[in-house]
Number of protein chains: 2
Amino acid sequence: MAPILLNCLGTEHSEYIEQEQYVKNPHLDSMEEDILYHFNLGTKTHNLPAMFGDIKFVCVGGSANRMRTFAQFIHQELELPGNVDDIRDICEETDRYSMYKVGPVLSISHGMGVPSISIMLHELIKLLYHARCRDVVLFRIGTSGGIGLAPGTVVITDKAVDSFFRPQFEQVVLGKVIIRSTELDEEVARELLQCSAELSGFPTVIGNTMCTHDFYEGQGRLDGALCSFSTEEKLEYLRKAHEAGVRNIEMESTVFAAMCRVCNLKAAVICVTLLNRFEGDQISTPHDVLVEYQSRPQCLVAHFIKKHLGLIA
Amino acid sequence: MAPILLNCLGTEHSEYIEQEQYVKNPHLDSMEEDILYHFNLGTKTHNLPAMFGDIKFVCVGGSANRMRTFAQFIHQELELPGNVDDIRDICEETDRYSMYKVGPVLSISHGMGVPSISIMLHELIKLLYHARCRDVVLFRIGTSGGIGLAPGTVVITDKAVDSFFRPQFEQVVLGKVIIRSTELDEEVARELLQCSAELSGFPTVIGNTMCTHDFYEGQGRLDGALCSFSTEEKLEYLRKAHEAGVRNIEMESTVFAAMCRVCNLKAAVICVTLLNRFEGDQISTPHDVLVEYQSRPQCLVAHFIKKHLGLIA
């Protein structure tokens, strides 16, 4: 629970006092209206507390289709009433993100890369604030390239690290570089590993996750439109990453970890590896196998949620 | 026309010799198959020269809906046979990007931010290479925040600059920072300005475009989940940007300019401004006005294409 200064709050917001303060922006309370532009939602046009006030778990991932699938899956897992086909995209008026609400679970797509997920996180965190949500846990479920792991292995992130293996995220604010920690919630990570042991359907490890800003050159791939290095130089970089504890590579974890940490949100990153980068660069695994791999982080998170809701012992 | 070393080319690719070489990767020609994973296309599964060999203009933009609209618009403008409703998404099997082909024009969405567009550009440039395209011009049409301009003004980018107003793009390759120039094609920019004069429907300027990696803190907005600066500090940063020739802010131009330049592709960035950032941060313009604004870069590019195809004098 973050300490909140009473004199920062207008009278309208006095009911917020007992609440965790997710946003860190003194300007927000003086705004007459807040338009969450990329969600096509707003504080004047939508009753955000009524729509979202009961949210306890938020699950985010790159692909809109995958996040719809997750919403339908969690609907079945929680045995909620109604038809899964009726779950509608709350952001259907915009094509920037897709958002689905299923009981206390929100499922949102974030596109690819740090800037894309950061826009979504700003608006999501403001949404949770305006809706007066409490005790929310965030999960990023994604796909990744593995380092020294069999394809299909799930990696629960210990530390999210940058391309230089540092557990930090650099944010440029008004032309100055600000450095933020990318530590994630250790307890949630341990609980997720325990969930994997209980499910015993696929291999799961805890390891560091490297977040890059490019899929080809930035991840040492030899198959981009541009490549200026040799196979040996690529493998040397991946070996160094492995020595630094990196077990997988994706493109969103550092800013996700950094923003959740600053905003007092418990968070975890759970990505399945689609290939072992020591073996190659191209993703040539058959479609049905990829679909099964992508369901693995979803199964872990569903199990976690069911345990927290008391649906399983 | 870039010089091509004969000894870099396998016998299979000898017909490429007369062609502009868009890719800069000596590994590509030794690959048996190239899977363009995020397009769901590949050299073994698709006849790329037959599908794409006649492409002369590629238009990219963030939103999938907008790029479908552009494809339908250009279909009408070029007076092509067939129904606009039959134009199908070539990448419909994946939700990462949308792609539409209309005669010699390819329209592709790229999502938001540098990493998202960079994945698309790698695969697009390889696509143009595999399809043996020549003399291709690329356009990014987008939305942006304006600096000191009336909303609805179109900015044709002179130089794409970073958050420090430098005309460069930093790419991390195997843990080392590589700096690339972000200069765009001056002739194409001038021609586009001339198109605007001929259309005379909306104000258009040539100016520098700042590319940031964050929409809120990174662009000096006061309305994000996080904000640690004052209104005065924000305005001071925007004034400095204006003094450096920056007329609008978006999130993809530097990597777009840098990759096109390295790959010998003529390129231009044309973005409409949705608001004047000296006046505010929130995008509260009515939906129908925004839709009209967003059509402006499309009109400019359509006019350019029609002139180049000899459809208008």
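Residues numbered from 1 in each chain as written. Chains lettered and ligands numbered in written order. Predicted model: local features only at pLDDT ≥ 70, side-chain atom pairs only at ≥ 80, totals over all residues. Heavy atoms only, no water.

Here is the rule we go by: UniProt positions are given in the numbering used here, feature names are shortened, and annotations may be inferred rather than shown by experiment.
For chain A, the name recorded in an unreviewed UniProt entry is Uridine phosphorylase, with Astyanax mexicanus as its organism. Quoted straight from UniProt, the Catalytic activity (unreviewed entry) entry for chain A says "uridine + phosphate = alpha-D-ribose 1-phosphate + uracil". What the UniProt record of chain A gives under Pathway (unreviewed entry) is the line "Pyrimidine metabolism; UMP biosynthesis via salvage pathway; uracil from uridine (phosphorylase route): step 1/1."

Here's the deal with the overall build of chain A
Here is the rule: Helix and strand labels come from DSSP, where a helix needs a run of H or I of at least four residues and a strand needs a run of E of at least two; each type is numbered from the N terminus. Put simply, the radius of gyration uses C-alpha atoms, and a globule should come to 2.2 Å times the residue count raised to 0.38. To sort residues, take the accessible area from a 1.4 Å probe on protein chains only and compare it with the maximum for the residue type: under 20% means buried, over 50% means exposed, and anything in between is partly exposed. Here, two residues are considered to be in contact whenever any of their heavy atoms come within 4.5 Å of each other. Where accessible areas are quoted, they stem from the Shrake-Rupley method and a 1.4 Å probe; at the residue level, only the protein chains shown are allowed to cover. As used throughout, the charge tally considers Lys and Arg to be positive and Asp and Glu to be negative, leaving His and the chain termini uncounted. Where a charge lies is defined by one atom per residue type: Lys uses NZ, Arg uses CZ, Asp uses CG and Glu uses CD.
What chain A contains, in helices and strands, is 7 helices and 12 strands. Radius of gyration (C-alpha) of chain A: 20 Å, near the 20 Å computed for a compact globule of 313 residues. Principal-axis analysis of the C-alpha atoms gives chain A an extent of 65 × 50 × 35 Å. Each of the 313 residues in chain A was classed as buried or not, and the buried ones make up 58%. Sequence separation of at least 24 residues holds for 75% of the intrachain contacts in chain A that already meet a minimum separation of 6. Per element, the accessible surface of chain A, about 12,200 Å² overall, is 50% carbon and sulfur. Across chain A, the 28 positively charged side chains and the 41 negatively charged ones have centroids separated by 3 Å.

Describing the UniProt feature "binding site: phosphate" (unreviewed entry) in chain A
Following the UniProt record, one finds the feature "binding site: phosphate" (unreviewed entry) at A:R96, A:R140, A:I141, A:G142 and A:T143. Mapped onto the elements, A:I141 comes out in strand 6 (residues 137-146). Residue classification places A:I141 among the buried residues on the basis of a relative accessible area of 1%. The contacts of A:I141, once residues within four sequence positions are left out, are A:C59, A:V60, A:G61, A:R66, A:M67, A:F70, A:I270, A:P297, A:Q298 and A:V301. Looking at the element boundaries, A:T143 is found in strand 6. Here A:T143 falls in the buried class, since its relative accessible area comes to 18%. Not counting the four nearest positions on each side in its chain, A:T143 is found in contact with A:R66, A:E250, A:C271, A:V272, A:L274, A:Q294 and B:R96.

Quick word on the relation of the copies chain A and chain B
Related by rotation about an axis and a shift along that axis, the two copies of the chain form a pair. Spelled out, the test is: Copies are brought into register by a least-squares superposition over C-alpha atoms of residues with pLDDT of at least 70 in both.
Overlaying chain A with chain B gives an RMSD of 0.0 Å, the required rotation being 180° about an axis along which the chain moves by 0.0 Å. With respect to symmetry, the two chain copies, as superposed, fit the operation of a two-fold axis. Both copies contact each other with a shared surface, as 100% of the interface residues of chain A are interface residues in chain B too.

Quick word on the pattern of salt bridges
Formally: Each salt bridge in this description consists of a side-chain nitrogen of Lys or Arg and a carboxyl oxygen of Asp or Glu lying within 4 Å of one another.
Evaluation of the coordinates by the stated rule reveals 34 salt bridges over all chains. Here A:R239 ties to A:E232 by a salt bridge, and the two come within 2.7 Å at their closest N and O atoms. In this structure, the salt-bridge partner of B:K234 is B:D281, at a minimum N-O distance of 2.7 Å. Residue B:K234 is located in helix 5 (residues 231-243), and its partner B:D281 is located in the loop between strand 12 (266-276) and helix 7 (287-308); the two are separated by 47 residues in the primary sequence. Its relative accessible area of 4% is what places B:K234 among the buried residues.

What about the interface of chain A and chain B?
Rules: Accessible area that two parts lose when put together, evaluated with a 1.4 Å probe and summed over both, is termed the buried area. Here a polar contact is recorded for every N or O atom pair within 3.5 Å, except that within protein the pair must consist of a potential hydrogen donor and a potential acceptor, and residues adjacent in sequence are included only if both atoms are side-chain atoms.
Residue-level contacts link 71 residues of chain A with 71 residues of chain B. Three residues, A:M112, A:L174 and A:A225, lead the burial of chain A against chain B; their summed loss comes to 14% of the area buried on that side. Across the chain A-chain B interface, the total number found is 2 salt bridges. A salt bridge links B:R180 to A:E217; its shortest N-O distance comes to 2.7 Å. Counting across the interface, chain A meets chain B through 30 residue pairs in polar contact (both at pLDDT 80 or more). Counting only elements with at least two residues in the side of chain A that touches chain B, the list comes to helix 2 (64-77), helix 3 (114-130), strand 8 (168-173), strand 9 (176-181), helix 5 (231-243), helix 6 (253-262) and helix 7 (287-308) of chain A. Here the element with the most residues in the side of chain A that touches chain B is helix 3 of chain A; it accounts for 9 residues.

Some points on the side chain of B:N248
All names here are of chain B. Along the chain, N248 falls in strand 11 (residues 246-250). A polar contact is formed between the side chain of N248 and the side chain of S144, at a distance of 3.2 Å. Among the polar contacts made by the side chain of N248, one reaches the side chain of T209 at a distance of 2.7 Å. Filtering out sequence-adjacent residues up to four positions away, N248 remains in contact with S144, G145, G146, I147, V155, N208, T209, M210, C271 and T273.

A few points about helix 5 of chain B
All names here are of chain B. Keep this limit in mind: Multiplying 1.5 Å by the residue count of a helix minus one yields the expected span of that helix. Note: the arc covers the axis-to-C-beta directions of the helix.
Relative to the 18 Å expected for 13 residues at 1.5 Å per residue, helix 5 spans 18 Å between its end C-alpha atoms, a close match to the ideal helical length. Restricting attention to buried positions, one finds in helix 5 the residues K234, L235, Y237, L238 and A241. Taken around the axis of helix 5, the buried residues stretch over an arc of 160°, which confines them to a single face. Those residues of helix 5 hidden inside the fold are in contact with strand 10 (204-211) and strand 11. Directly after helix 5, the chain includes G245, whose backbone phi takes a positive value near 90°.

What to know about the UniProt feature "binding site: substrate" (unreviewed entry) in chain A
Residue and element names in this part refer to chain A. Mapped onto the present numbering, the UniProt feature "binding site: substrate" (unreviewed entry) falls on Q219 and R221. Residue placement: Q219 occurs in the loop between strand 10 (204-211) and helix 5. When its relative accessible area of 3% is taken as the criterion, Q219 is described as buried. Leaving out residues up to four positions away in the same chain, Q219 has contacts with T212, D214, L238, I249, E250, M251 and R277. Within the local environment of Q219, its side chain forms a polar contact with the side chain of T212, the two groups lying 3.1 Å apart. Of note, R221 is situated in the loop between strand 10 and helix 5. Ignoring sequence-local partners within four residues, the contact set of R221 consists of F215, Y216, C227, F229, L275, R277, D281 and I283.

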